[in-house]
Amino acid sequence: MRWGTFISFNLLLVLIRHMLRHILNQVQEAVMQIECRVRLFKNGRNQVLRIPKDLELPGDEAIIRKEGTQLIVKPLNHPSLLALLATLETLDEDFPDVDEGLLPPDDIEL
């Protein structure tokens, strides 16, 4: 590889990294700019926050935590059954022969 090619490749990587940072900053600013004034009210002993349609969270459960004076609300994503099964380790043992000792099934004519 020649030095000119090496320098051009590194310059290209630096430019791409700079562009990605710029795009990421713009996306973060766009997300952070979605804010609106909401009403708080009481429902029994609980304080309720009415979330506008534009800021609605997916699902029907969320996690809430307090950081200083701010409340952070994140949707609770339940993993799918396939995702849960994918996390399980494979079994190294053979399954027992459950048919052992049983009479063979009768042939059925339809």
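The rules behind the values
- Residues numbered from 1 in each chain as written.
- Predicted model: local features only at pLDDT ≥ 70, side-chain atom pairs only at ≥ 80, totals over all residues.
- Heavy atoms only, no water.
- Helix = DSSP H or I, 4+ residues; strand = E, 2+ residues; numbered from the N terminus.
- Buried < 20%, exposed > 50% of the residue type's maximum accessible area, 1.4 Å probe, protein only.
- Contact = heavy atoms within 4.5 Å.
- Patch = residues over 30% accessible without salt bridge, like charges linked within 9 Å, V, L, I, M, F, W, Y side chains within 5 Å.
- Areas by Shrake-Rupley, 256 points an atom, 1.4 Å probe, with all protein chains shown as cover.
- Salt bridge = Lys/Arg side-chain N within 4 Å of Asp/Glu carboxyl O.
- Lys, Arg positive; Asp, Glu negative; His and termini not counted.
- Charge placed at Lys NZ, Arg CZ, Asp CG, Glu CD.

Caption draft 1: Spotlight on the overall build of the protein. Tallying secondary structure elements over the protein gives two helices and four strands in all. The helix and strand sequence of the protein, counted from the amino end, reads α-β-β-β-β-α. Here the protein holds 110 residues, and 0% of them are scored as buried. Restricting to contacts in the protein with at least 6 residues of sequence separation, those with at least 24 account for 0%.

Caption draft 2: Broad picture of a negative patch on the surface. The grouping of Glu89, Asp92, Glu93 and Asp94 at the surface amounts to a negative patch. Tracing the chain through its elements places Asp94 in the segment after α2 (81-86). Its relative accessible area of 74% is what places Asp94 among the exposed residues.

Caption draft 3: Structural view of the pattern of salt bridges. Enumeration according to the criterion identifies two salt bridges in this entry. Residue Glu56 pairs with Lys53 through a salt bridge whose shortest N-O separation is 3.6 Å. Here the two residues Glu56 and Lys53 agree in accessibility, since each one is exposed. The salt bridge partner of Arg65 is Glu67, with a shortest N-O separation of 2.7 Å. Looking at Arg65, the relative accessible area reads 37%, which means it is partly exposed. The exposure class of Glu67 is partly exposed, given its relative accessible area of 39%.

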